[in-house]
Every structure is written in structure tokens, then in C-alpha cells.
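Structural overview
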Amino acid sequence: MTGAGEPRGTTVLGDEERRAANGKAAARPATYAVRSEQDLLTVRHAVRAATRRAGFSIVDQTRVVTAASELARNAYVHGGGGTLTIDYPTRRDAVGLRLTVTDDGPGIDDVPTALADGYTTGSGLGHGLGGARRLMDEFDIRTEVGGGTTVTATRWAVR
């Protein structure tokens, strides 16, 4: 189901899907719009619920939610908005949580500098991208100047 004012491809969970997400039904990817301050809060709650569903410890829940917050805020503030998709990859010894944050903003012209601690384009502390990378097990940035940015970050919970 896609709501008005949301980008194409955005999935808004209905009551039935929310109940399944809290139960044992198979997890499906879900995509959330990141276009407002309220969307940032919605993303935080959705990622927290996803970490619980995946069986993450409270410490790892906090790590993933913090990384998601940083990435979503960057898409909102610097990319003019975008989407965050939550997916549940698996491997033989672990279940994971993959966050894919995409925006259509100006892109990042110098990724190594943007990942460095202390780098900021605003009034923040400059721990956003680099901090998010450290909180996750896998981290990938695909960006094109003038063509937007996609960050994919995965954290694994070993069984």
C-alpha cells in the first residue's frame, strides 16, 4: 500500500503486517519515506522493532537504531529526503538487519573525507557517516555527484 505524498515503491505497513512483524511470520522488506522530522521518528521506531524481531541484544539494538538515525537524518538534511528500506538477510550462522538509505540529493563529492571523524557540513559533531559505519558490520556507499547517494549497512546477530 502506498500513501499519498510518498515516493513510489514505499511500503506502508497495514495492521495485519504490523501484527505479523511482531509475531513469528517471515519478515519482508519494508520501505519508509524520509521526508520530514516525523518520518525520522517513524524510522527509529521501525528499526527498533526490526532489531527486536531479528533477536538483537539491547546493545546491538541501540547500535543499529543509532546508525539508522544518522543515515536517515543525512538523507533528510543533506539529500533533501529519500527512503530507508529494512531487510533481513540470513546466513548459516546468523540473521542480519540490512538498512538501505537512498536519496536523490547532490551526492557526496569526497567520500573518504565525509567518513572522517570531525567532518561536518553543518553544526553537528561530525560523527554521522563515520559513526554509522563503525556501528555496523558491513557498510557501503554508492554516490554520484548530482545523482544522489545510497548507503547500505548491515549488522549481524550471530545465533
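Cut-offs applied
Residues numbered from 1 in each chain as written. Predicted model: local features only at pLDDT ≥ 70, side-chain atom pairs only at ≥ 80, totals over all residues. Heavy atoms only, no water. Core = buried A, V, L, I, M, F, W, Y, C linked by side-chain atoms within 4.5 Å. Buried < 20%, exposed > 50% of the residue type's maximum accessible area, 1.4 Å probe, protein only. Helix = DSSP H or I, 4+ residues; strand = E, 2+ residues; numbered from the N terminus. Contact = heavy atoms within 4.5 Å. pLDDT = per-residue confidence, 0-100. Expected span 1.5 Å × (residues − 1). Arc of directions from axis to C-beta.

A few words on the nonpolar core. Ranked by size, the top nonpolar core spans 34 residues in total, and within it V47, L84, I86, L97 and L99 carry the most contacts. The set of elements that each furnish at least two residues to this core consists of β1 (30-34), α2 (37-54), α3 (58-77), β2 (82-87), β4 (94-103), α4 (111-115), α5 (128-135) and β6 (148-158). The element best represented in this core is α3, accounting for 7 residues. Excluding residues within four positions of it along the chain, L99 makes contact with V47, V64, A68, L84, T85, I86, M136, V151, T152 and A153.

Now for the confidence of the model for the chain. Looking at the chain, the pLDDT average stands at 82 and 76% of residues meet or exceed 70. Taken element by element, the chain is modelled with least confidence in helix α1 (residues 15-22), mean pLDDT 41, and with most confidence in β2, mean pLDDT 98. Under a pLDDT of 50 for its full length, residues 1-25 has, in the predicted model, 29 contacts with residues more than four places off or in other chains.

Quick look at α2 now. With 18 residues, α2 extends 26 Å from end C-alpha to end C-alpha; this agrees with the ideal 26 Å at 1.5 Å per step. When α2 is considered as a whole, its buried residues turn out to be D39, L40, V43, A46, V47, A50, T51 and A54. The buried side chains of α2 occupy one side of the element, clustering within an arc of 140 degrees when seen end-on. In α2, the exposed positions that point more than 90 degrees away from the buried face belong to Q38, H45 and R52. Against the buried residues of α2 lie β1, α3, β2 and β4. Positive backbone phi, approximately 85 degrees, marks G55, located one or two places after α2.

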